[in-house]
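Next come the chains, spelled out residue by residue.
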Amino acid sequence: MKKRRHSWVDVGDDEPPRKRKYKSSRLDSHPIKKKVKRPDSAEGSGKPKTSSIQEQRNQLPIAHGKDALVRELQENDVTVLVGETGSGKTTQVPQYILESGISGRGMIAVTQPRKVAATSLATRVAQEQNVSVGGLVGYSVRFDEASSQNTRIKYVTDGMLIRELLSDPLLSRYSVVVIDEAHERTLRTDLLLANLKTIQKTRNSYTGGKKGKEPASKQNPLKIVVMSATLDADKFSRFFGNAKILYVQGRQHPVTVYHTANSQPDYVDAALRTFFQIHTDQPPGDVLIFLPGQEDIENLDKSIKLYADRLPKDAPGVAVYPMYAALPAHKQAAIFSSAPQGMRKCILATNIAETSITIPGIKYVIDTGKCKEKRYISRDTGSGFDTLLTKDITQSSAMQRTGRAGREGPGFCFRLYTEEAFSAMPLSAEPEILRCTLTSSILQLKCLNQDLETLDFMDKPDTESVGSALATLYLLGAIDDTKALTKLGRDMAFLPLEPPLARALMASVEFACTLEVLNIVSVLSASSKLFIDTTESRETAAEARRKFRHPSGDHLTVLNIVKSYEEMHKSQGKSGRKEWCKKQLLNERCLLEAVDIKKQLSTSCERLGIDWKVSCGEAEYPILKSLLRGLVHQAAFLQPDGSYKQIMGPSTVKIHPGSSLCDKKVPAIIYDELVYTTHIYARGVSSVPRSFIAEVSVLNRRRSG
DNA sequence: GAGCACTGC
């Protein structure tokens, strides 16, 4: 048989996606001129009404190509599998691998970027195998695990597999690793891909990748399956020595796409007009509008309500639901309830609705084509800051948003940008590794003895960004002046914290205030924000915060809140605690997550021989000194004009308006992060005596031994 | 005096 390298193999019975053009036509100002159908495949006939789980499995698009797929997986060490949503690849491929014996005696790991995905997929696949989750099929995510000695298929978050890498650098328990959602190119996916390539070379005694010439020394070979959406498949294939690309058809209802004839600089106004055009001209069906951020959502919310009131009395009403991450949980939950009788539901969402949340019943999507992107600007030594600015989305994002209209039936998508603008969009987002802080990743790679210069990344991070991370690690005492990992650095990497917070926690041992610092870093490293901050409640929230305010600033204010929360729990129990949070406008999600993190960190501390119960009582200096050890590179001095000048770095920063120290002119500050929006703002700020700062940068290194 | 997309250990 002729070797077919780097070619598309059609596993399903449809044409490969490169031939499918996303035809679309212009939409003249707003009146709808012409519509074009998305040339979609399987005219979603929907799920069969009643069928056994096995029948459902057999009806998935991927089932048609099962034999061909299994054959390819058997023959190739690396396979790139392209499949759209609804193809069933994530649930079926691991089962095919298991059932066909490809995985031998080893386990199959399937990675996911998000926790919910990992746990729910494991549950689904366990059902299909007719076993309970945690047996043959299990999962492992932070704070939650269901697996046993019998587990053969394990769904894990990519971060979890990286943790496993630290204790088992060859991932020897696994014979197959499936990297799912690889097109998202998260920092952790890229780290895994780079490491997997090295691991496979070692375990398979690579001889150039020629089929049928496997060396006899191959004891415990590793197979890699990379699963991705269509756009980046070639790149993954090239990265793995022109690995075979297989294509699987998806299942999605057709969505009619419209573009505007002219660009719409005022996209909020354009969204408003488009919404009412749909509302008055189109049949019933819910509307989902994608906007970049909270501010736009709040404005559009007001405008829609204003105009809806002016509609004729007999016209159907509009029920508006905002949806973004900072919204309190009970308001987020509201979007899943159906609209009041005779009203059209209109959801205003950030890209939280693009992948994280699926809202049922959406027939119309309005896409502003904008999103906010966090980007790290690295300067000289550790003085970089994050920006959070509105920018154009990518083509894959646009297609994802469009797809949200076709989940349950044929739908419509109104793009508030021209067809030309769509064509000009980048295909997919720039990988995170090129725009994020690398401090934590580089510390982990150091623990794996990986040489950054020789490690093969899909996209190599730029030298400036690596240099900045190395400089930060050196300042924190995690590496020495030969860039070698220190004992302190190894301990820091063991803690599930960002290096600055890990350093602060390690320092707390020295200052005998571990309990306090543990409480603070647990909240700081929680993924949700502590304060609920919507425009309408901003004043009330600030008022509530004043009660907990500590004169030294935000870190000790956080500590006061944690203490009150714990007391509230002791005296009032779970429901009292919840009520209390609501009243104080505190986000309980953050505090609950902090409780989990604290539990995990205290276990980690015990393993490192640290007594985490050591407390400094009411003293504040030990706490500030500990924090300063981690935040040396994030400190600034007051200038005569009231602004702050970074100690390491060129920038002048302001204290963020949400901080308890805003407008308090203290001589020196440390901060959790810098964010550039309208100014460079320092967030999470504490006041420290100037004298503390000078001594720290020297001390950090001296004690790192 | 002004405002913050989304994840992970």
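Refer to the structure above for everything that follows.
No experiment lies behind these values; they were computed from the predicted model shown.

**A word on the overall build of chain A**
(1) Moving on: Helix and strand counts for chain A stand at 22 helices and 24 strands.
(2) Moving on: In chain A, which comprises 705 residues, the share counted as buried stands at 55%.
(3) Moving on: Accessible area for chain A stands at about 31,600 Å²; split by element, carbon and sulfur atoms hold 51% of it.

**Digging into empty space enclosed by the protein**
Sizing a probe to match a water molecule and rolling it over the atoms shows the empty space that remains.
(1) Moving on: For the coordinates displayed, the defined rule picks out 4 cavities of 30 Å³ or more.
(2) Moving on: By volume, the second largest cavity amounts to about 40 Å³.
(3) Moving on: For the second largest cavity, the full set of lining residues is Leu-191, Ile-433, Leu-438, Ser-441, Ile-442, Leu-445, Leu-452, Phe-457, Pro-461 and Val-466.
(4) Moving on: Tallying contributions element by element places helix 13 (residues 439-447) first for the lining of the second largest cavity, with 3 residues.
(5) Moving on: Tallied by class, residues from the lining of the second largest cavity come to 9 nonpolar, 1 polar and no charged.

**Some points on the pattern of salt bridges**
(1) Moving on: Under the defined criterion, the tally for this structure stands at 25 salt bridges.
(2) Moving on: Between Asp-367 and Arg-401 there is a salt bridge; the shortest N-O distance is 2.7 Å. Highlighted residues: Asp-367 in strand 16 (residues 362-367) and Arg-401 in helix 11 (residues 395-403), separated in sequence by 34 residues.
(3) Moving on: With a closest N to O distance of 2.9 Å, Glu-673 and Arg-683 form a salt bridge. Of the two residues, Glu-673 is situated in strand 23 (residues 668-676) and Arg-683 in strand 24 (residues 680-687); the sequence distance between them amounts to 10 residues.
(4) Moving on: Residue classification places Arg-683 among the partly exposed positions, given a relative accessible area of 24%.
(5) Moving on: Taken together, the shared-partner salt bridges in this structure form one network comprising Arg-57, Lys-66, Glu-99, Arg-124 and Glu-128.

**Digging into the environment of Asn-204**
(1) Moving on: Among the structural elements, Asn-204 can be located in helix 6 (residues 187-204).
(2) Moving on: There is a polar contact of 3.4 Å between the side chain of Asn-204 and the side chain of Asp-77.

**Some remarks on the side chain of Gln-112**
(1) Moving on: Mapping Gln-112 onto the fold places it in strand 5 (residues 107-112).
(2) Moving on: Here Gln-112 is in contact with Thr-90, Ala-117, Ala-118, Leu-121, Val-156, Thr-157, Asp-158, Asp-180 and Glu-181, once residues within four sequence places are set aside.

**Description of the protein's contact with DNA strand B**
(1) Moving on: Close to DNA strand B lie 35 residues; Lys-115, Ala-325, Arg-538, Thr-677 and Thr-678 are nearest.
(2) Moving on: Residue Arg-163 places a side-chain N or O atom 3.2 Å away from a base oxygen belonging to DNA strand B.
(3) Moving on: One nitrogen or oxygen atom from the main chain of Pro-657 is found 3.4 Å from a base nitrogen belonging to DNA strand B.
(4) Moving on: At 3 residues, the largest contribution of residues to the surface near DNA strand B is made by helix 5 (residues 158-167).
(5) Moving on: A per-class count over the surface near DNA strand B returns 12 nonpolar, 11 polar and 12 charged.

**Side note on helix 20 (residues 588-607)**
(1) Moving on: Over its 20 residues, helix 20 runs 29 Å from end to end, which matches the ideal 28 Å to within 8%, given 1.5 Å per residue.
(2) Moving on: Where the residues of helix 20 are buried, they touch helix 15 (487-494), helix 16 (499-510), helix 17 (514-524) and helix 19 (554-584).
(3) Moving on: One or two residues past the end of helix 20 sits Gly-609, with phi positive at roughly 75°.

**Some thoughts on unusual backbone geometry**
(1) Moving on: Unusually for a residue other than glycine, Asn-130 sits at a positive phi of about 60°.
(2) Moving on: Along the chain, the position of Asn-130 falls in the loop between helix 4 (115-128) and strand 6 (137-141).
(3) Moving on: The exposure class of Asn-130 is exposed, given its relative accessible area of 71%.
(4) Moving on: A positive phi angle, close to 70°, is found at Phe-143, a residue other than glycine.
(5) Moving on: Examined against the element boundaries, Phe-143 turns out to sit in the loop between strand 6 and strand 7 (144-146).

**Topic: the state of the cysteines**
(1) Moving on: Evaluation of the coordinates by the stated rule reveals 0 disulfides.
(2) Moving on: Cys-590 carries a free sulfur, and the closest cysteine sulfur to it, the one in Cys-581, is 9.4 Å from it.
(3) Moving on: Under the relative-accessibility criterion, Cys-590 is labelled buried at 1%.

Basis of the calculations
- Residues numbered from 1 in each chain as written.
- Chains lettered and ligands numbered in written order.
- Predicted model: local features only at pLDDT ≥ 70, side-chain atom pairs only at ≥ 80, totals over all residues.
- Heavy atoms only, no water.
- Helix = DSSP H or I, 4+ residues; strand = E, 2+ residues; numbered from the N terminus.
- Buried < 20%, exposed > 50% of the residue type's maximum accessible area, 1.4 Å probe, protein only.
- Areas by Shrake-Rupley, 256 points an atom, 1.4 Å probe, with all protein chains shown as cover.
- 1 Å grid on protein atoms, 1.4 Å probe; cavity = no way out; pocket = protein on both sides within 12 Å on 5 of 7 lines; lining within 4 Å.
- Points joined across faces, edges and corners; volume = space filled by probe spheres on them.
- Nonpolar A, V, L, I, M, F, W, Y, C, P; charged D, E, K, R; others polar.
- Salt bridge = Lys/Arg side-chain N within 4 Å of Asp/Glu carboxyl O.
- Polar contact = N/O pair within 3.5 Å; in protein donor to acceptor, adjacent residues only side chain to side chain.
- Contact = heavy atoms within 4.5 Å.
- Near = heavy atom within 4 Å.
- Expected span 1.5 Å × (residues − 1).
- Disulfide = S-S within 2.5 Å.

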